[in-house]
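# Residue-level structural notes
What follows is the residue order along each chain.
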Amino acid sequence: MAQGFVGIDLGTTNSVVAARNAYGRPEVIPNRDGQNITPSVIYFGSDPPAVGQEAKEWARLGNEEIASFFKPHMGNPLYQLRFQNRDYNASDLSAIVLRRLKEDAEAKLGLSIEHTVITVPAYFADAQRKATIDAGNAAGLDVLRIINEPTAAALAYGLQKTGTNETVLIYDLGGGTFDVTVAKITHDAVGVLSTAGDHDLGGKNWDDRIAMFLSEKFASETGLDPLDDPVALNEVLVRSEQAKWALSERNSARITLQLGSERKGYELSRAEFENLTFPLMDRTRKLTEEALEEAKLRWQDLSGVLLVGGSTRMPMVRSYVSQMAGMPPRTGVNVDEVVALGAAIQAAMEMGESSQDATPRFTLGGMRRVDDVMSHSLGAVAVNAEGNAYINDIVIRRNLQIPAENTRSYLHATHGGSNQKLEVYLTQGESQNPLDCSILGKYVFSGIMATDHEVTVDVGMSYDSNGVVQVRATQRDTGHQLSMSVEPVPDDLSWLARPPESSASQGPAEKIRLYLLIDVSASMAGTPLLEAQNAARAFLDRCDFTSMEVGLISFSSNVTLQAEATSNARRVQAAIARLEPDSSTNLTDALELARARLISDDRVRYVVILTDGYPDSPESAVEQALAAIKQGIEIVAIGIGDADLDYLRRLSSSEQGSIFAHAGELVKTFGHIARVISEGGRSLRKLS
Ligand code: AMP
C-alpha cells in the first residue's frame, strides 16, 4: 500500500484527522461512522475495546468500563486506570484512540499512514509532550512533530489569507482546556507572540454549572441529592451538556431528570445559563488580557480574532469576544476542524512536500515556516545568593521561539573529591518559588573531578522543536561532559520550602478542617466578588482533599453556611458559584458560626477570612477571633480594597497570617495560602 501522512488533533473530548487532498488542500478525513469528529472515549467492556461514538453511547448508559477525559492527565505517573486486569496510563489510552484514528484514515484513504503531526495545548509541559509522542509511537505512528493547537489553527488560518501580514488572537475553548494565543502571520512565518491559558477550563465547566444548578433544585424538591451518587451525577452531567448544545440553537432548553423513581422537568433559559456561567467567561477574559499584555499589544493592534474549539459555538462566547475585542470574531472557519487542518499542513511541510511540486498544493505563496514558542519558562532549582533559600532559577524564558537553548553555570563544592555528583532539578514555571512550578525531573551528573574546592559546572538546557526538554552538563575547567542519569523526582519536596541543609523531618499529613469566610457585602459587588470567587477556586485547586475538609461561610447582613466542611470539592465549588452580594458586613456572627463548626476534635482547624473593609462591629469581631484562636483555631485574614493591614493583624493568629492583596493578586495569594496550609501550615501557626 502507498504511504501517507496525516495531521491529528488529539482532543480532550474529541479528535479529528486531516490530510492533504488531491488538490493539495488539507481536508478532514471522516471516520468509519462517516463522522468528522471521533469522541476521545474508550469502552473496555467489549473485545476489542470500542472507541469513539459507540464508547460514548456505552458511557451514557452508565457503563463503568469507560475511559474518557484522560488527556489532561498525560504524563502524570499517578494517573492509572484499570480495565480487564490491565493498568492504563493516559498515554496508553491515547495510543488506543490514535490507533483507531490511524485505521479509519487508512481505510478511507486507501493508504498506509506511517507519519503524523499531533497537536497539543500550548500549555502542555515537557512530560505531557513526551507522553503524546509515546502514544503516537505506541499506535504505530512516526510522530514528525508536536505542535501547539493554536499554532496549528493560525497555520490553517494563514492558509486562507495569502500574502497579508496580520496579528491575530486565537481564542480556543475546547472541552477541557482554554488556550489563548497571539500570533503574527507574515508572508513566510506564523510566529507566536504570546500564549496564556488554563488547562482546567473548558466546556465541561459549563456543563458542571448547569449540573450544579439542576442538582440543587432536584435535591430541594425530592430530598435526593445527585451529588451523592456518581451514577445520578453522570446522568445529570449528560443532560446538562445536551441542554448546553440546545441553548446554542434556541433561547431555552427543557431538561428532564429521571433519577431512581423521581422524575422532574426543568426549563433553563439562555439568559439564565449565561448568568450561571458568567464567571467562567470572565476567567477567559482575564487570561486573554494576560496574553495581550505579554505580547505588549492592545485590542486595536489586532487585525482579527479567531475562534477555535467546540465550546466557541456557544453564542455567549461570540458576543463576549466581540464586546471585549471591539470587533466580531472572524467567521468561515470550522471551529472543530481548524486545528487538525493546521496539523495536516505542518505534516506536509515536515514531509518536505512543497508548493513547488508538480501538482497544485497548498495555496500558499511559498511554504510557510512555523515559529512556535513554549508557554512555560524552563529553569532549575538553585540556592539563592544569600544561601538561605531554594529558588527557581529561570534559564530559558517563556514565549521565546523554539528550538531554544541556554546555559547556566553553577558552583559545585567538591569537598576534596568526595562530592562527585551534582543533582539538578529542572523546573517549568514562572514563580520564584520552586514549589509553585512543576518539577520536570531530577538529573544527576556524575564524574566531577576535584580540581579545586569549588568547580564551575555549565548546565545547558534546551527546548527542541517539539518543546521537549534536553539537558547536559560540562565541568568547565576540564571541559569534560559529565555523565547523566535521570532519577525519579521524590514525592516529598517539602525540603524546598526550608533553608538549604536543613533536614527537619516531616510527619504524616495532618487532617485539616477549614472554613473560608467570604465577605459578600455590597462593596464586593462586581469585579471584587468575581475575583474572590476565582481566588476561592484557585484555593480549592491547591487543597489536598485527601487530608482536608473545606467549608464556606459568606457574610454580609446575613451569615450563611454555604457549604459544611467537606472533602467533596465539587460541593464547595457549587457554593462558591452561588455567592451573591448583599448589604453590611457581619463578621462577628460569621466567626461565631465558624467556631461552632470547628468544635475541638483531632483536626488542625483553620479559618481563612477574605474582607474588603472594616466589618460592622470591628471590636466584637476581634473578640470572636481571639475566642477562636483560644479554642485552637488558626486564623488567616486576607484583605483587598479598603481593608486595613493593621486590623487584619488583630484578627489573625500569626504575623504571616495577615495579608493585603493588591488588585489582581488575590488568586495568587489564595493559591499560596492553600499550598502553605496543605503542607502543614507551620508558618501560619501561632508559636505558643
Ligand atoms: P473540543 O474539545 O474542541 O472538541 O470541544 C468540545 C466541547 O465543545 C465540549 O464541551 C462540547 O460540549 C462543546 N460543544 C460542542 N458543540 C457545541 C455546541 N453546539 N454548543 C455548545 N458547546 C458545544
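Residues numbered from 1 in each chain as written. Predicted model: local features only at pLDDT ≥ 70, side-chain atom pairs only at ≥ 80, totals over all residues. Heavy atoms only, no water.

## Focus on the overall build of the protein
Across its full length, the protein carries 16 helices and 33 strands. The globule rule puts the C-alpha radius of gyration for 688 residues at 26 Å, and the 27 Å found for the protein is close to it. The principal-axis extent of the C-alpha atoms belonging to the protein is close to 85 × 80 × 55 Å. For the protein, the proportion of its 688 residues judged to be buried stands at 55%. Across the protein, the fraction of contacts at a sequence separation of at least 24, relative to all contacts at a separation of at least 6, is 68%. When the accessible surface of the protein is split by element, carbon and sulfur atoms take 47% of a total near 29100 Å². The positive charge centre, built from 65 side chains, and the negative charge centre, built from 90, are 2 Å apart in the protein. (Helix = DSSP H or I, 4+ residues; strand = E, 2+ residues; numbered from the N terminus. Rg over C-alpha atoms; globule rule 2.2 N^0.38 Å. Buried < 20%, exposed > 50% of the residue type's maximum accessible area, 1.4 Å probe, protein only. Contact = heavy atoms within 4.5 Å. Areas by Shrake-Rupley, 256 points an atom, 1.4 Å probe, with all protein chains shown as cover. Lys, Arg positive; Asp, Glu negative; His and termini not counted. Charge placed at Lys NZ, Arg CZ, Asp CG, Glu CD.)

## Notes on the packing of helix α11 (residues 527-542) against helix α16 (residues 666-678)
Taken N-terminus to C-terminus, the directions of α11 and α16 make an angle of 25°; their axes are 8 Å apart at the nearest point. As summarised for this structure, α11 and α16 are arranged roughly parallel, according to the angle between their axes. In the packing of α11 onto α16, the handedness of the crossing is right-handed. In this structure, α11 contributes E531, A532, N534, A535, A536, A538, F539 and R542 to the contact, and α16 contributes L666, V667, F670, G671, I673, A674, R675 and S678. (Axes fitted to C-alpha atoms, helices over the stretch in contact; angles between N-to-C directions. Parallel < 35°, antiparallel > 145°, perpendicular 65-115°, else oblique. Left-handed = near helix turned anticlockwise from the far one by under 90°.)

## Some details on the sheet that holds strand β25 (residues 454-463)
Ordered in space as β22-β25-β26, the three strands form an open sheet in which the pairing is antiparallel. Of all strands in the sheet, those with a lone pairing partner are β22 (404-413) and β26 (469-475), marking the two edges. For this sheet the average axis-to-axis angle between neighbouring strands, irrespective of direction, equals 20°. Summarising the sheet, β22 and β25 pair through 10 bridges and their orientation is antiparallel. Looking at β25, one finds that A413 is bridged to E454. (Pairing = 2+ DSSP bridges.)

## Some points on the site of the ligand
In the vicinity of the ligand, 14 residues are found, and the nearest of them are G175, E241, K244, S248 and G310. Here T13 contributes a side-chain N or O atom positioned 2.9 Å from an oxygen atom of the ligand. Within the side chain of W245, an N or O atom sits 3.0 Å from an oxygen atom of the ligand. Calculation on the ligand without its partners gives an accessible area of 500 Å², and the protein chains cover 85% of this total. At four residues, the largest contribution of residues to the shell around the ligand is made by helix α6 (residues 230-249). Among the residues making up the shell around the ligand, the classes are represented as two nonpolar, nine polar and three charged. (Near = heavy atom within 4 Å. Polar contact = N/O pair within 3.5 Å; in protein donor to acceptor, adjacent residues only side chain to side chain. Nonpolar A, V, L, I, M, F, W, Y, C, P; charged D, E, K, R; others polar.)

## Focus: the nonpolar core
If you look at the biggest cluster of nonpolar residues, it comprises 49 residues, and the most contacted ones within it are L169, Y171, W206, L257, F273, W299 and V317. Of all the elements, α6 adds the most residues to this core, at seven residues. Once residues within four sequence positions are removed from consideration, L169 is found in contact with V180, T181, V182, T288, L292, W299, L302, G304, V305 and L306. If you look at the next biggest cluster of nonpolar residues, it comprises 37 residues, including I518, F539, I638 and L666. (Core = buried A, V, L, I, M, F, W, Y, C linked by side-chain atoms within 4.5 Å.)

## Structural notes on the sheet that holds strand β33 (residues 658-660)
Read from one edge of the open sheet, six strands run β30-β29-β28-β31-β32-β33, paired in mixed fashion. Strand pairing shows two members of the sheet lacking a second neighbour, β30 (559-566) and β33, which therefore form its edges. The mean inter-strand angle of the sheet, taken between neighbouring strand axes irrespective of direction, is 15°. Both strand β28 (residues 512-519) and strand β31 (residues 604-611) contribute to a ladder of seven bridges, which runs parallel. Residue pairing in the sheet places L514 in a bridge with Y606 of β31. Packing against the sheet, α11 makes contact with β28, β29 (548-555) and β31, and its axis sits at approximately 170° to β28. Here helix α13 (residues 587-597) sits on the sheet in contact with β28, β29, β30, β31 and β32 (634-639), set at roughly 25° to β30.

## Quick notes on the domain arrangement of the protein
You can read the domains of the protein as domain 1 (3-201 + 282-371), domain 2 (378-489) and domain 3 (512-686). Put simply, the middle of domain 1 and the middle of domain 3, counted by C-alpha atoms, are 40 Å apart. (Domains from an automatic or database assignment.)

## Regarding the confidence of the model for the protein
Keep in mind that low pLDDT regions are not for reading the predicted coordinates in detail. In this model, the protein carries an average pLDDT of 87, and 93% of its residues clear a pLDDT of 70 or more. Under a pLDDT of 50 for its full length, residues 355-367 has, in the predicted model, 33 contacts with residues more than four places off or in other chains. (pLDDT = per-residue confidence, 0-100.)

## Remarks on unusual backbone geometry
A cis amide bond links D47 to the next residue, P48, at an omega of -5°. The residue P48 is located in the loop between β5 (41-43) and β6 (50-51) in this model. Phi is positive for F69, which is not a glycine, with a value near 55°. The residue F69 is located in the loop between β7 (66-68) and β8 (81-83) in this model. The phi dihedral of S584 is positive, around 50°, even though this residue is not glycine. Secondary-structure assignment places S584 in the loop between α12 (569-578) and α13.

## Notes on the side chain of N586
On the secondary structure map, N586 appears in the loop between α12 and α13. The exposure class assigned to N586 is buried, which follows from its relative accessible area of 16%. Non-local contacts of N586, meaning those with residues more than four positions away in its chain, are made with F555, S556, S557, V559 and D616.

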